[in-house]
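Coordinate inspection notes
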Amino acid sequence: NLWNSKGGTYSAGNTTVNLTINSGVTIGATSLGSYAFTTGLGWVTGDVINIINNGTIKGKAGNGGAGGTAQNAPLTVAAGNGLGGGTGSPAFRGQFACTVTNNGSVYGGGGGGGGGGGAASRSGAGKSVFDNAYGGGGGGGGAGVTASTGGAGGVASGTFAINGSLGNAGTATAGGAGGSGPTDAGNGGSGGGLGSNGSGGANGTLGTAPRAAGTGGSGGIPGYYQVGSVFINGGSGIGGTVGGRSA
């Protein structure tokens with residue numbers, strides 16, 4: 001919050017702020033939903049804000065969705081749906097007129113990958129009948145300023161049960177791969193890169209009756225690279241290398 005960092009020499013309506021973010025510097029938020037950078041609200045007419053970004057401003061990424069569960073018992077055949085990936089967090093918020101020269105990059109956090117659908121079925125015959133249950137793979141975490149979390153693999157229960165695999169965490173530059181769904185269960189979707197959507201999880205597939213299959217969760221959407229574009233560069237918003245949504 002630039003307003004909170006203005007210092008003791010501020011004079012209302014008579015202050016020019018020149019802020020340079022150096023090359024190699026990353027500004028970001030460590031909690032979901034928080035902005036990486038805001039101008040703040042206390043400025044008044046006559047104040048001037050000039051920002052030169054030679055580094056990176058980026059939001060925290062969305063986490064991966066959990067894989068769908070599965071259950072197969074003599075009286076219950078059920079498969080859960082994968083959960084959707086989390087939404088990425090925003091980067092820059094303009095709340096007062098400012099000039100932003102973007103020589104670096106500004107990205108919303110990447111969306112998390114959706115969890116894969118679970119699956120349950122029966123195989124064999126006679127005395128060799130198996131109640132199969134397979135949990136869906138967890139979605140991968142998106143790319144953002146701090147590592148995101150991969151979604152949990154779906155939990156399976158039955159005579160022959162295999163849990164889905166945990167999705168991989170995203171990094172500062174790339175989304176994590178989705179976890180695998182065993183046999184008929186769906187794989188988790190990959191987390192989105194910086195400013196990009198996560199991929200949806202795959203559906204479970206129907207095996208031998210009695211059977212059930214869950215659907216894959218949707219991929220998470222990226223965070224905003226800018227909010228309050230009407231205040232930025234006379235309403236034209238941030239130019240240069242950007243990624244994500246804009247408002």
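For the structure itself, consult the block above.
Keep in mind it's a predicted model, so treat the numbers as computed, not measured. Counting restarts for each chain: residues are numbered from 1 in the order of the written sequence. Given that this is a predicted model, residues contribute local features only at a pLDDT of at least 70 and side-chain atom pairs are listed and counted only at 80 or more, while totals for whole chains, interfaces and linings are drawn from all residues. The basis for every side-chain value is the complete set of non-hydrogen atoms in the structure, without hydrogens or water.

We now examine the overall build of the chain. Within the chain, the secondary structure is distributed over zero helices and 18 strands. Relative to the 2.2 N^0.38 estimate, which gives 18 Å for 247 residues, the radius of gyration of the chain is 23 Å and therefore markedly larger than a compact globule would have. Any residue under 20% of the maximum accessible area for its type is buried, any over 50% is exposed, and the rest in between are partly exposed; the area is computed with a 1.4 Å probe on protein chains only. Out of the 247 residues in the chain, the part that is buried amounts to 47%. The contact criterion used throughout is that any non-hydrogen atoms of two residues lie within 4.5 Å. Of the contacts formed within the chain by residues at least 6 apart in sequence, a portion of 72% connects residues at least 24 apart. Counting from the N terminus, the helices are DSSP H or I runs at least four residues long and the strands are E runs at least two residues long. Each radius of gyration reported is based on C-alpha atoms, and the globular scaling rule is 2.2 Å times the count of residues to the power 0.38.

This part is about the packing of aromatic side chains. Pairing of aromatic rings covers Phe, Tyr and the six-membered ring of Trp, with a centre-to-centre limit of 6.5 Å; geometry is then stacked below 30 degrees between planes, edge-to-face above 60, and tilted otherwise. Applying the stated criterion across every chain yields a total of five aromatic pairs. Between the aromatic rings of phenylalanine 37 and phenylalanine 92, the centroid separation amounts to 5.1 Å while the plane-to-plane angle is 10°, which identifies the pairing as stacked. Of this pair, phenylalanine 37 sits in strand β3 (residues 37-38) while phenylalanine 92 sits in strand β8 (residues 92-93), and the two are 55 residues apart along the sequence. The class of phenylalanine 37 is buried, set by a relative accessible area of 7%.

All right, on to the sheet that holds strand β13 (residues 156-158) then. Only when DSSP finds a minimum of two bridges between them are two strands counted as paired. Strand order in this open sheet of three strands is β7-β6-β13, and the pairing throughout is mixed. Two strands bound the open sheet, and with one partner strand each, they are β7 (76-79) and β13. Each adjacent strand pair in this sheet contributes to an overall mean axis angle of 10°, direction not counted. Only C-alpha atoms enter the line fits that serve as axes; for helices the fit covers just the stretch in contact. Angles between N-to-C directions range over 0 to 180 degrees.

This part covers the environment of glycine 191. Considering the arrangement of structural elements, one finds glycine 191 in the loop between β14 (160-162) and β15 (212-213). Sequence separation of glycine 191 and glycine 170 is 21 residues, and the distance between their C-alpha atoms is 6.7 Å. If we ignore the near neighbours within four places in the chain, the residues touching glycine 191 are Gly111, Gly112, Gly113, Gly140, Gly141, Gly142, Gly175, Gly176 and Gly198.

With that settled, consider the pairing of strand β6 (residues 70-73). Residues Ala70 and Asn72 point to one face of β6 and are all buried, whereas Gln71 and Ala73, pointing to the other face, are not buried. Alignment of β6 against β7, held across four bridges, turns out to be antiparallel. Across the sheet, the residue bridging to asparagine 72 is valine 77, located in β7. Counting the residues between successive antiparallel strands, the hairpin from β6 to β7 contains two residues.

What follows deals with the side chain of asparagine 53. As for its placement among the helices and strands, asparagine 53 is situated in strand β4 (residues 48-53). Ignoring any residue separated from it by four or fewer positions in sequence, one finds asparagine 53 in contact with Ile21, Thr101, Asn102, Asn103, Gly104, Ser105 and Val106.

Turning our attention to unusual backbone geometry. One non-glycine residue with positive phi stands out, namely threonine 183, at about 50°. Tracing the sequence through the fold places threonine 183 in the loop between β14 and β15. In this structure, asparagine 233 is a non-glycine residue whose phi angle is positive, near 50°. On the secondary structure map, asparagine 233 appears in the loop between β16 (224-227) and β17 (241-243).

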